[in-house]
Structure formats: C-alpha cells, structure tokens
Amino acid sequence: MSIKENRLVESLLFSSGKPLSIEEIQETTGLPPKKVNEAIEHLMQSYNIDRKNDTSLEIVKAGNKFIMQVKKTFTDKSMMVAKPEIKTDLLKTLALIAFHQPVKQSNLRHMIGERIYADVDQLVSLHLIHSEPHGATEMLTTTRLFPEYFGIDSTKPKEIREFLSMKVIGHVVEEKQEELAKKEEDASEESDDTPVSESHMKKDE
Amino acid sequence: MSIKENRLVESLLFSSGKPLSIEEIQETTGLPPKKVNEAIEHLMQSYNIDRKNDTSLEIVKAGNKFIMQVKKTFTDKSMMVAKPEIKTDLLKTLALIAFHQPVKQSNLRHMIGERIYADVDQLVSLHLIHSEPHGATEMLTTTRLFPEYFGIDSTKPKEIREFLSMKVIGHVVEEKQEELAKKEEDASEESDDTPVSESHMKKDE
Amino acid sequence: MELDNDVINHLLFHKALIDEHNDMSRINQYLEMAKAAATGESASIENPFDRSIYLAFDLVLNQHMNPWDIDLVGFSTMYLKRAKKEKLDLLTAGKIIYMAWKVLRMQSDHLVVSMETQDLELDQGVGWEDIPTVPWLANDDEYSYTNLVMTMPQSPLDEPLRRESTRKVTLIELLSAFDEVRKESEQYQLLDQLRKEERVLLRQKARKAMRGSAHEDHLEEDVATVWERICQFPKGSLNFSDLCQVDSVEDRIKTFVSILFLAYERKITVHQRKFPYGEIFIKTIGYT
C-alpha cells in the first residue's frame, strides 16, 4: 500500500525543516523515485487542496526541492517561536567584526578571548565574513551576504559601522527610557535626572 | 471563530522545534489562555485521534509543554535526516537515574560501574540531570528539561517512573512476541493463526 | 462461565494491602470487571479501555491461570494476541499489561533470577560502603526495572523526532548582540590586563624559586605545547589521560604542571570526581 509511503515522506518533510530534493528523500527512505513522486503529489493534494482550510501548513515546491512550511498568513506570529539560526554568542562576534572591520583576528582575541577562533570558523562557513591571511594573523571583513541578511542598506564598512552605532545608541536610549519610566512609575517622587544612559552613550562612541 | 485560533496554534507548534508552554503560546499569539487550551485540545484530538491513520505527526504533552513531533513508528527512517544525539548507553544511564531519582551517584556506581562518572558529566552538560553534592557523593535528579526532551507527559518523579516501567514492559513483551512469531514461522505446520509480527506491521499503516 | 474465586480473592488480598485512594478505586474497578467477565456481560462493555480490562480477566479465567502464580510474559503475549484480534490498540494493551503487572504483582521469576546471578558478579571488592543504605534494591519493581534496563539492547527512552527549525536572525537581535558584546569586551579586556599583570608577578616569583633548575627554561615551552595539544580536541572537553603519554612519568608531570598553569591563566577548567587517583577532566573556557 502507498499509504505508508505517504506517511514516511510526510515525516521526512516535517523533520528536515529545509527543502528536500526527490533524490534526498529517495536516499533516506529507500523508496523508488516513482513512489516518492506519487507520495509528494498525494501530500500536496491533501495539504494544499483537500484540507486547505483545515491546516496552517502547506507543501510547496522550491526550485527542484520540496518543503513543508507554514502558510504565509500565519508566518508573522509563528516565526518568532523558532530558534534563531545563529546562536547569540556567535552573533555577538559577528556584530563586533562588522563594527570594527577590517579587523585583525588577533585584535579580536584581545577583546573577547580565545573563542574568536572557533567563532571565525563558523562565520566563514556561514558566508557571513571573509578571512584573509594577514601576516601571522587573519584580516576579517563582512561579506556581501551580511547586509543582505540583515536588510542593511549598504555594503560599505563605514556605513555599516555608522548604522550599527546609531541603532545601538537608539536601542540603549530606548531601553533606558523604559527603565526610567518604570522607575518613575514605582517611585513617583523621582524627577528628571538621567545620568546613566547619557554617560553610557558617550563611552560607546 | 475558533478555527483561525486552531490554525494559529498549529503553526506555532509546527515552527517551534522545541516544546512550548501555554504561556509562551499565549504571549506570541496574544490569545487568552482559555483559547490556547481549547486550540491545543482540538489539535490533539484531530492529530492523535481523528486523523490518527492519516498523518505521521502527533502533538504530545512534554512536561508542562506541548510539541508537534513525528510518531514513533516513523522515526527510525526519518532519523536519518535528523541525527539522534544521545547514545544508547547514555540513554540507559539516564533511564536509571530517572527511575530511581533522587539517587546517589555511589549507588549507581554499584549498578553500572565506573562509567557512571563520565555519563553523569555528559548528562549534566546536556542539562538533562542535576547533580548536587551529598556528603562524599552526588545526589542525582532529572531536570525540567528531561520530560520536555523525551515528550513525557509529566514532571512528577512518580509518574515518570510509571512511564518508564511501562516502556520496559513494552520492550519485554515485544521481544517475547518476536520470539513467538519466529517459533510459529519455524513450525510451519501451524495454520490459521496470524503470526504476531505481521499483525504488528499492519497496525502501523 | 464460572467466576474463578481465586481471582477475586487475589484482588481482595491486594485491596487490603493498598492504602492509596487511587489504587483502591482501581482495584474496585477490576473487581467489577472480573465479575463482568465471569458472568459474560462483555457485550455491555463498550468503552475500549474497559473492554481491554475485561479481556485481560477473561483470559486469566479461560486459560485457568493461577493468579497467585502468573507467568507475566506468557500472559502478556497471549493478551496482546487476543487484543489484536479484537482490534484494541497497542497503547491501551500496554497500559493494561502494566497495570496487571502492578496490581497482581506478578513475579517474573525467570527474569529476576537470571539477572540476580549477573548482579553478584558485578563488583568483586565488596566493602562496608557497598551495603545499600537506601532500600532501592529491596523492592521487586525497582530491582526488575534496573536489571531489565541493563540487559535489554535498547533504552526505554527514545529521542523523539522533532523539526529542525531555525529562523533568520532579526536586525534587532543583531543590535542587542552588539550592545552586549561591547560591554563584555570591555570587561574581558580589563580582566585580561589584571591577569597579565598577575602572570608577570607569578613568573618573577617562579624564576626566583627555580633559579638554576633545568625547568626554568622549559616551563613556558611546555605550557605552550600542552595548550596546543588541548586545542586539537574539537569540543574543548577532554581527559588528562588523552593528553599525555600515561606511561611516561616525565610527560605526566610536565602535562600536569602545564594544566595547572593553564587553569591559573583561565584558559581551562580542571576537575576531578574521584580523589586522588581518578581521571582529571579538562574543559577549555570559551568553547561550548
């Protein structure tokens, strides 16, 4: 019966989280290509047409591959529950490189320690930074993918730098303001002075 | 209408990849807790009961959280796209700790020998157990992550214990059945009685 | 069908032993079921779960099993076969078997016995501390569980298959990461400076103490070599014995002194679970 095969392909599309080609599905399941195609056809019919109004999921063809995903109507809310593909620590290193670029790896080691070596390896493999030999160390810069990824409207290091510092300062001020507003709420007698955020901003520039 | 809410919660459970609490779902969707609970109930009914044979996915309660995952029957094959992380021996040590908890490390050493030290280190670093100094030894308990990770519908040691006993009995019975089926096959003179293993397979379809 | 009095007696016996309310009502249910099974009222039982219970007891009765001496595995296997014919799902069947196991306290003799012998061989050097202080071995359930888990090929815990889901990082997340890393970097540089100063002091002291000894020249080199070896381990977590030639006393001392230095320099953490001869575990700081 083909029911079992449909279920198998479905479980694969679900668990992979990224588009899969017919070949990949075939390799993993050991099913002949014809069966894989039939199963996908069946699943697309079931998800996208028969049960269209009874599910928030769909199976779509992306290039030569297939993926199970959340329908567009629901993506806004559902997106944020997934974990980000770049871990926080790695993201910190990336932000540091983007700000200081072009920057020597050895300098970064002084800033954040030994973990820079592993981080650079990972960021290079994600195509987010370039690493070029530079004497005994490496010179690091962000790639073209970097601004694309974050929707930053510039490829120039200087502008990226400005963008980051401006945004961060905005961010800090916002945070501090919120904090302040809370404090003011709590102790209503407290008045105008905002020393912390200001000095903080200056230090960062 | 509640249909839309069901779809929203479904899309969240699909996207998350890790178990979500009612509070987390509520925060992301902005739905009141009652609606979230209703949606989950509806989805569990739909996935796990009404459409039981038409899907390879299920929604389970894991600790105090909920997650969508592949049914056990289909995991073996799809496992190949998403690799298992914990080796069998380590899983066994964990199964012993979970059953006997709170349990002294020294007692476990009597059960499984010296390898307990390395195993405990690994399980602690996976955040699956706590290890607290207790006199000259360590007292071991499972963490909150434990039931979430394995999709166990309870955080209470007593219920976790029952869950594990059931699993063990299940395994023993399955083994015996296979033995029996083999015997029946070998002695082929037997006529009408469907061998156990076959009927077992049919069930999964 | 005659109601087997032994079954009823057995249940009553356990009813008297069990004080928890939950189990009490459960046993009452079983008693009802057993009676139903005996009087052939099966048709009235529609709930599949109840029906499973009925079947379980039906089986005990029809096979004329002695409830005081039930072969758990034999019973379970027969029951499962029956359950399949009646199209009960395996999960319910599993539950029933488990309950039967608990309620009837069936003694799976051959399972326990075969494991008892293994357990005795486990530890040769038995000391006073080996006498269990907790009664975890005394209880049959716990004993069988432990032994079963250790002898079965799989583990009772399976890792469920979930979705590998990640999403893109948002710009806001990049910005807050930047904000955090600047603060961290400042702190790191401050600490690093302090560490460097301390290191210079330490070195001066060490030179004074070791003046004239052969170690003086090599210490730094040794530390560097050992650090290099440590860095070759991918996860940044390793054992002392992986790091040196265990049979060479000189290499052992060299490595040991070096890891003390590296720990002092906060490049690694070192811990030992069993003092004084246990394995020394080394973790590099900054990985994970």
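Residues numbered from 1 in each chain as written. Chains lettered and ligands numbered in written order. Predicted model: local features only at pLDDT ≥ 70, side-chain atom pairs only at ≥ 80, totals over all residues. Heavy atoms only, no water.

## Describing the overall build of chain A
Per the secondary structure count, chain A includes 10 helices and 7 strands. In chain A, buried positions account for 41% of the 205 residues. For chain A, the share of sequence-separated contacts (at least 6 apart) that also reach a separation of at least 24 residues comes to 45%. Summed over its atoms, the accessible surface of chain A is roughly 11,600 Å², and 51% of this surface lies on carbon and sulfur atoms. (Helix = DSSP H or I, 4+ residues; strand = E, 2+ residues; numbered from the N terminus. Buried < 20%, exposed > 50% of the residue type's maximum accessible area, 1.4 Å probe, protein only. Contact = heavy atoms within 4.5 Å. Areas by Shrake-Rupley, 256 points an atom, 1.4 Å probe, with all protein chains shown as cover.)

## Structural notes on the overall build of chain C
Check the secondary structure of chain C and you find 11 helices and 4 strands. Across the 288 residues that make up chain C, the buried fraction comes to 39%. Summed over its atoms, the accessible surface of chain C is roughly 17,100 Å², and 54% of this surface lies on carbon and sulfur atoms.

## Observations regarding unusual backbone geometry
Across residues other than glycine, the phi torsion is negative in most instances, and most of the peptide bonds are trans. All names here are of chain A. With omega at -10°, the peptide bond leading from Gln 101 into Pro 102 counts as cis. Within the chain, His 127 stands out as a residue other than glycine whose phi angle is a positive 60°. As for its placement among the helices and strands, His 127 is situated in the loop between helix H7 (116–125) and strand E6 (129–134). What makes His 127 exposed here is its relative accessible area of 55%.

## Some words on the environment of Arg 182 of chain C
All names here are of chain C. Relative to the assigned elements, Arg 182 resides in helix H8 (residues 171–210). The class for Arg 182 is buried, based on a relative accessible area of 13%. One polar contact links Arg 182 to Asp 179, side chain to side chain, over a distance of 2.7 Å. (Polar contact = N/O pair within 3.5 Å; in protein donor to acceptor, adjacent residues only side chain to side chain.)

## Side note on the sheet that holds strand E2 (residues 57–62) of chain B
All names here are of chain B. Read from one edge to the other, the open sheet built from 3 strands follows the order E1-E3-E2, with strand pairing classed as antiparallel. Edge strands, defined here as strands with exactly one partner in the open sheet, are strand E1 (20–21) and E2. Note: E1 against strand E3 (residues 65–70), 2 bridges, orientation antiparallel. Along E3, the bridge assignment pairs Leu 20 with Phe 66. In the packing of helix H1 (residues 3–16) onto the sheet, the strands contacted are E1, E2 and E3, and the crossing angle to E3 comes to about 70°. Running at roughly 135° to E2, helix H3 (residues 33–50) makes contact with E2 and E3 of the sheet. (Pairing = 2+ DSSP bridges. Axes fitted to C-alpha atoms, helices over the stretch in contact; angles between N-to-C directions.)

## Focus: the packing of aromatic side chains
As enumerated under the stated definition, the model contains 7 aromatic pairs over all chains in all. Ring geometry for Tyr 149 of chain A versus Phe 150 of chain A: centroids 4.7 Å apart, planes at 50°, classification tilted. The two residues Tyr 149 of chain A and Phe 150 of chain A agree in class, both being buried. In this structure, Arg 163 of chain C packs its charged tip against the face of Phe 14 of chain B, placed 3.9 Å from the ring centre. Geometry around Phe 178 of chain C places Arg 182 of chain C over its ring, the cationic atom sitting 5.2 Å from the centre. (Phe/Tyr/Trp six-rings, centres within 6.5 Å; stacked < 30°, edge-to-face > 60°. Lys NZ or Arg CZ within 6 Å of the ring centre and 35° of its normal.)

## Some remarks on the interface of chain C and chain A
Facing the 33 residues of chain C at the interface are 38 residues of chain A. Carbon and sulfur atoms make up 66% of the surface buried where chain C meets chain A, a total of about 3,500 Å² over both sides. Of the charged contacts, one joins Glu 184 of chain C and Lys 92 of chain A as a salt bridge, the two residues approaching to 2.5 Å between their closest N and O atoms. Summed over the shared surface of chain C and chain A, the result is 7 residue pairs in polar contact (both at pLDDT 80 or more). Within the residue set of the side of chain C that touches chain A, elements represented by two or more residues are strand E1 (166–167) and H8 of chain C. Ranked by residue count, the leading element in the side of chain C that touches chain A is H8 of chain C, at 19 residues. Both strand E4 (residues 83–84) of chain A and E1 of chain C contribute to a ladder of 2 bridges, which runs parallel. (Buried area = accessible area lost by both parts, 1.4 Å probe. Salt bridge = Lys/Arg side-chain N within 4 Å of Asp/Glu carboxyl O.)

## Considerations on the sheet that holds strand E2 (residues 237–239) of chain C
Residue and element names in this part refer to chain C. Strand order in the open sheet formed by 3 strands is E2-E4-E3, and the pairing between neighbours is antiparallel. Both outer strands of the open sheet, E2 and strand E3 (268–272), are each paired with one neighbouring strand and no more. For this sheet, the mean angle separating the axes of adjacent strands, direction not counted, is 20°. Where helix H11 (residues 249–264) meets the sheet, its contacts fall on E3 and strand E4 (280–284), and the angle it forms with E3 comes to roughly 125°.

## Regarding the pattern of salt bridges
Residue and element names in this part refer to chain C. Scanning all chains against the criterion turns up 29 salt bridges over all chains. With its nearest N and O atoms 3.6 Å apart, the salt bridge here joins Asp 251 to Arg 229. Residue Asp 251 is found in helix H11, and its partner Arg 229 is found in helix H9 (residues 215–231); the two are separated by 22 residues along the sequence. Residue class for Asp 251 comes out buried when judged on its relative accessible area of 8%. Note on Arg 229: relative accessible area 22%, which makes it partly exposed.

## Focus: the side chain of Gln 69 of chain B
As for its placement among the helices and strands, Gln 69 of chain B is situated in strand E3. In this structure Gln 69 of chain B comes out as buried when scored by relative accessible area, which is 6%. In this structure Gln 69 of chain B touches Phe 14 of chain A, Ser 56, Leu 57, Glu 58 and Val 60 of chain B together with Pro 160, Leu 161 and Arg 162 of chain C, once residues within four positions along its chain are discounted.

## Side note on the confidence of the model for chain C
All names here are of chain C. Averaged over all residues, the pLDDT of chain C is 66; the fraction at 70 or higher stands at 46%. Of all the helices and strands in chain C, helix H6 (residues 109–122) carries the lowest mean pLDDT, 36, while H11 carries the highest, 86. Counting contacts from residues 16–21, a segment whose pLDDT is below 50, to residues more than four positions away or on other chains yields 4 contacts. Predicted confidence is poor over residues 102–138, with pLDDT under 50, and the contacts of this stretch with residues over four places away or in other chains come to 52 contacts. The ipTM value of the predicted complex is 0.66, and its pTM value is 0.55. (pLDDT = per-residue confidence, 0-100.)

## Side note on the environment of Glu 38 of chain A
With respect to the helices and strands, the residue Glu 38 of chain A is situated in helix H3 (residues 33–50). Remark: the alpha-carbon pair of Glu 38 of chain A and Glu 5 of chain A, spanning 33 residues in sequence, is separated by 9.1 Å.

## A look at a nonpolar patch on the surface
The grouping of Val 249, Ile 253, Phe 256, Val 257 and Leu 260 of chain C at the surface amounts to a nonpolar patch, some 410 Å² of accessible area in total. Position of Ile 253 of chain C relative to the elements: it lies in helix H11. (Patch = residues over 30% accessible without salt bridge, like charges linked within 9 Å, V, L, I, M, F, W, Y side chains within 5 Å.)

## A few points about H11 of chain C
Residue and element names in this part refer to chain C. With 16 residues, H11 extends 23 Å from end C-alpha to end C-alpha; this agrees with the ideal 22 Å at 1.5 Å per step. Within the span of H11, buried status applies to Asp 251, Thr 255, Ser 258, Ile 259 and Leu 262. The arc that holds every buried residue of H11, seen down its axis, measures 100°, which confines them to one face. Looking one or two places after H11, you find Arg 266, whose phi comes out positive at around 60°. (Expected span 1.5 Å × (residues − 1). Arc of directions from axis to C-beta.)

## Points about the packing of helix H6 (residues 105–112) of chain A against H7 of chain A
All names here are of chain A. At a closest axis distance of 10 Å, the pairing of H6 and H7 adopts a crossing angle of 125°. The orientation of H6 relative to H7 falls into the category oblique. Contact residues: H6 offers Gln 105, Leu 108, Arg 109 and Ile 112, while H7 offers Ile 116, Tyr 117 and Val 120. (Parallel < 35°, antiparallel > 145°, perpendicular 65-115°, else oblique.)

## Let's talk about the pairing of E6 of chain A
Residue and element names in this part refer to chain A. Here E6 pairs with strand E7 (residues 137–142) via 6 bridges, running antiparallel. By the bridge assignment, Pro 133 is partnered in E7 with Glu 138. Linking E6 to E7, which pair antiparallel, is a turn of 2 residues; within it Gly 135 sits at a positive phi near 65°.

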